Amino acid sequence: MNTNAILSSGRSVAPAATSATDHEALTKAAKAFEAVFMRQMISSMRSASLGEDLLGSKATEQFRDMSDARVADTMADGEGLGIATMLLKQFEGKI
C-alpha cells in the first residue's frame, strides 16, 4: 500500500476515529454532569427535613451522603432524568 498517496491526497482516517472518541468523551461528560446535578438535587431534598433526626450523628450523615452519591451515580448511568440525552442532542453537532 502506498502511504505517500494517502498522505498527499489530504485525506486521513484520523477524523473518523477522533469523532468517535469525541462522542464517547461527550457522552461520559454528559452523564457525569447529570450525576452531579442529581447529587445536588438529592442533597437539597435531604436538607429540607421536617424535624430533627433522633438517631442522627456525623457518621450517619456521612453514610447518608455516600449512599445518596451512589444512588445519583446509578440513576445517571441508567435513564436518569434525561439531562445527559438533552446535552448530547445539543452538543453533538458541534464536535
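These remarks concern the structure in this document.

Cut-offs and rules
- Residues numbered from 1 in each chain as written.
- Predicted model: local features only at pLDDT ≥ 70, side-chain atom pairs only at ≥ 80, totals over all residues.
- Heavy atoms only, no water.
- Helix = DSSP H or I, 4+ residues; strand = E, 2+ residues; numbered from the N terminus.
- Contact = heavy atoms within 4.5 Å.
- Polar contact = N/O pair within 3.5 Å; in protein donor to acceptor, adjacent residues only side chain to side chain.
- Buried < 20%, exposed > 50% of the residue type's maximum accessible area, 1.4 Å probe, protein only.

1. Considering the environment of Glu92
Part 1 of the reasoning: One can find Glu92 in the segment after α4 (83–91).
Part 2 of the reasoning: Through-space distance from the C-alpha of Glu92 to that of His23 is 7.3 Å; in sequence the pair is 69 residues apart.
Part 3 of the reasoning: Here Glu92 is in contact with His23 and Leu26, once residues within four sequence places are set aside.
Part 4 of the reasoning: Side-chain polar atoms of Glu92 contact the side chain of His23, separated by 2.7 Å.

2. So, the side chain of Asp68
Part 1 of the reasoning: Mapped onto the secondary structure, Asp68 falls in helix α3 (residues 58–77).
Part 2 of the reasoning: Residue Asp68 is classed as buried on the basis of its relative accessible area, which comes to 9%.
Part 3 of the reasoning: Not counting chain neighbours up to four residues away, the residues in contact with Asp68 comprise Ile42 and Arg46.

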